[in-house]
Amino acid sequence: MNILQTQDTICAIATAQGGAIGTIRVSGPEAITLTDRIFKPVSGKPLAEREPYTLTFGHILSPEGEIIDEVLVSLFRGPHSYTGEDSTEISCHGSSYILQQVMQLLIWQGCRAAGPGEYTQRAFLNGKMDLSQAEAVADLIASTSAATHRMAMNQMRGGFSRELATLRDKLLHLTSLMELELDFSDHEELEFADRSELEDIARQIEHVIHHLVDTFSVGNALKNGVPVAIVGETNAGKSTLLNALLNEERAIVSDIHGTTRDVIEDTMNLGGITFRFIDTAGIRETTDTIESLGIERSFQKLDQADIVLWVIDATCAEAQYRELAGKILPRCEGKHLVIVLNKADLLSSADVDTAASTDAQLARLKAALPNLPEDVCVLSLSAKQKEGLSQLQKQLVDFAALPDLSQNDVVVSNIRHYEALSHALEAIHRVQDGLAMHLSGDLVSQDLRECLFHLAEIVGGEITTDEVLGNIFKHFCIGK
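A quick note: this is a predicted structure, and the numbers were derived from the prediction, not measured.

## Here's the deal with the packing of aromatic side chains
In this structure the tally under the stated criterion is four aromatic pairs. With 6.2 Å between their ring centres and 25° between their planes, Phe-275 and Phe-277 make a pair best called stacked. In this pair, the class of Phe-275 matches that of Phe-277, namely buried. Their ring planes at 20° and their centres at 5.3 Å tell us that Trp-310 and Tyr-321 sit as a pair that is stacked. Of the two residues, Trp-310 sits in strand E11 (residues 307-313) while Tyr-321 sits in helix H11 (residues 317-328), which places them eleven residues apart along the sequence. A relative accessible area of 1% places Trp-310 in the buried class. For Tyr-321, a relative accessible area of 2% corresponds to the buried category. Seen from the ring of Tyr-82, Arg-25 lies directly overhead, with NZ or CZ sitting 5.0 Å from the centre. The ring of Tyr-119 has Arg-25 lying over it, and the distance from NZ or CZ to the ring centre is 5.1 Å.

## Notes on the pairing of strand E5 (residues 67-76)
Sheet topology places strand E4 (residues 54-61) next to E5; eight bridges connect them, and they run antiparallel. In the strand pairing of E5, Leu-55 is matched with Ser-74.

## Comments concerning helix H1 (residues 31-38)
With six of eight residues buried, H1 is to be regarded as a mostly interior element. Those residues of H1 that fall on the buried side of the exposure criterion are Ala-31, Ile-32, Leu-34, Thr-35, Asp-36 and Ile-38. Summarising the contacts, the buried residues of H1 are in contact with strand E2 (21-27), strand E3 (39-41), E4, E5, strand E6 (87-93) and helix H2 (96-109).

## Regarding the state of the cysteines
Under the defined criterion, the tally for this structure stands at zero disulfides. With no disulfide partner, Cys-11 has as its closest neighbouring cysteine sulfur the one in Cys-111, 4.4 Å distant.

## Observations regarding the nonpolar core
The biggest cluster of nonpolar side chains holds 35 residues, and the ones touching the most others in it are Leu-241, Phe-275, Phe-277, Leu-309, Leu-392 and Leu-396. If you look at the next biggest cluster of nonpolar residues, it comprises 32 residues, including Leu-198, Ala-202, Phe-216 and Val-412.

## What to know about the environment of Leu-346
Note on placement: Leu-346 falls in the loop between strand E12 (336-342) and helix H12 (355-367). Among the residues examined, Leu-346 registers a relative accessible area of 57% and is labelled exposed. Once the C-alpha coordinates of Leu-346 and Ser-382 are considered, the two residues, 36 residues apart in sequence, prove to be 8.6 Å apart.

## With respect to the sheet that holds E3
To summarise the sheet geometry, strands pair through backbone hydrogen bonds and adopt either a parallel or an antiparallel arrangement. Strands sit in the order E3-E4-E5-E6-E2-E1-E7 across an open sheet of seven strands; the sheet is mixed. Of all the strands in the sheet, the pair left with one neighbour each is E3 and strand E7 (112-113). Lying over the sheet, helix H3 (residues 118-125) contacts strand E1 (10-13), E2 and E7, oriented at roughly 135° with respect to E1.

## What to know about the pattern of salt bridges
The tally for this structure, following the rule as stated, stands at 15 salt bridges. Salt-bridge contacts for Glu-118 lead to Arg-122; the nearest nitrogen and oxygen are separated by 3.5 Å. Remark: Arg-122 and Glu-118 occur in helix H3; sequence separation between them is four residues, near one turn of the helix. The exposure classification of Glu-118 matches that of Arg-122, with both residues buried.

## Notes on a nonpolar patch on the surface
A surface patch of nonpolar side chains, amounting to about 370 Å² of accessible area, comprises Val-42, Leu-55, Phe-57 and Leu-72. Structurally, the position occupied by Val-42 is in the loop between E3 and E4. Its relative accessible area of 48% is what places Val-42 among the partly exposed residues.

## Comments concerning the sheet that holds E11
In space, the six strands of this open sheet follow the order E9-E10-E8-E11-E12-E13, with mixed pairing throughout. Two strands lie at the open edges of the sheet, namely strand E9 (264-270) and strand E13 (377-380), each paired on one side alone. Strand-to-strand twist in this sheet, taken as the mean axis angle between neighbours without regard to direction, amounts to 25°. Judged from the seven bridges that link them, E11 and E12 form a sheet pairing that is parallel. Within E12, the residue paired with Trp-310 across the bridge is Ile-339. Of the strands in this sheet, strand E8 (226-232), E11 and E12 are in contact with H11, which crosses E11 at around 145°.

## Overview of the environment of Ser-74
Assignment of secondary structure puts Ser-74 in strand E5. For the pair Ser-74 and Leu-55, spaced 19 residues apart in the sequence, the C-alpha separation amounts to 4.7 Å. Excluding its chain neighbours within four sequence positions, the residues that come into contact with Ser-74 are Thr-54, Leu-55, Ser-87, Thr-88 and Glu-89.

So, how was this worked out
Residues numbered from 1 in each chain as written. Predicted model: local features only at pLDDT ≥ 70, side-chain atom pairs only at ≥ 80, totals over all residues. Heavy atoms only, no water. Phe/Tyr/Trp six-rings, centres within 6.5 Å; stacked < 30°, edge-to-face > 60°. Buried < 20%, exposed > 50% of the residue type's maximum accessible area, 1.4 Å probe, protein only. Helix = DSSP H or I, 4+ residues; strand = E, 2+ residues; numbered from the N terminus. Lys NZ or Arg CZ within 6 Å of the ring centre and 35° of its normal. Pairing = 2+ DSSP bridges. Contact = heavy atoms within 4.5 Å. Disulfide = S-S within 2.5 Å. Core = buried A, V, L, I, M, F, W, Y, C linked by side-chain atoms within 4.5 Å. Axes fitted to C-alpha atoms, helices over the stretch in contact; angles between N-to-C directions. Salt bridge = Lys/Arg side-chain N within 4 Å of Asp/Glu carboxyl O. Patch = residues over 30% accessible without salt bridge, like charges linked within 9 Å, V, L, I, M, F, W, Y side chains within 5 Å. Areas by Shrake-Rupley, 256 points an atom, 1.4 Å probe, with all protein chains shown as cover.

Dropping the structure here:
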């Protein structure tokens, strides 16, 4: 959407199909006039003569005067509306036929069907919200848990923006001191802030940006799910374990080696935490080109995961452990690793039903794994029989250890914000280095301006191109 199109009056169905009530939003300079052309109040004045923030009962009429539906019309006048423009909302019955008829009538009168996210984009362009708040609208709609709802609500209400505004004020103060030093550098008798004061301000700024960057791991996990890679040899039972955890036949299970040739992902909620399980291709030596690509992706997903479930066939645990330990263990440094000894139901035991026997069996299996790192969790289960899954689920929740969030906690969950903050952090580090090395003020000021620029990218202060804005808002749903 280009800027000229914001002069259009737009309309869209803003509610999901299938409900008892459907709402059509109209926004733009002629929103009230065009709605008046298809709407007749049961009594009283037309919409154009009514006060804002009122509801009017009446009928939507076809050009021939036929009643399409009985509706309620909400009236808003700019700038006191969601988009900052004159707006109406027509609440009809939820019939898809009725909604489409009303849309057609509006378009015949001169409206244009809105694109994805165009209402929120207009709100941004009209100064009703900054870019980070606009992006939070999409996050709020997509929220699937209390934590993701709180994150999105805090950002939409401006919590993140206020944090950035405080940072910006400190940066501007620091920049002003540096610029003064440059402007009056030839007046030796004038004394401005000494370098220790500048270093203290830079340290405060660095601390806040660093904290925001550090919250991304939590925010990303809450928003997209804690990534859990399921790895191991072919036929160890990885796909069976995925199906058992999800309680559905998500992955193909077969005795044929190399059945899974690409990664399969799905999510589930455990203890209020969303986990993103990634079933990977079995790791083995192969000459099959397609399978080799799948194995390469397995290692890529292992590197990206926070938690790794290494599935080993318990009937040949020592052999499988020796075969892959050199490939898997080095890649798990800094991650939570769970060795899942699967197919425990196939192990022979004189008294397999007793807890003592199960513990002894697990102890024997662990003893068979040479040079086992101390921080590795080892569990025994049967994915096929769905036995022992509860212990694994509890371990996953313990490893995730995500904090409880309130609506006042500022957490970064957007990758665009994270990248901008990371660049800002690099810039403020250069400022700190420049101050410590007593570099000239013009060099330090350049890094300060770069830090400001990257923070402005988040809220949209420096964003003006249609291309960048379009890329952000195209992911919104129609009607928002």
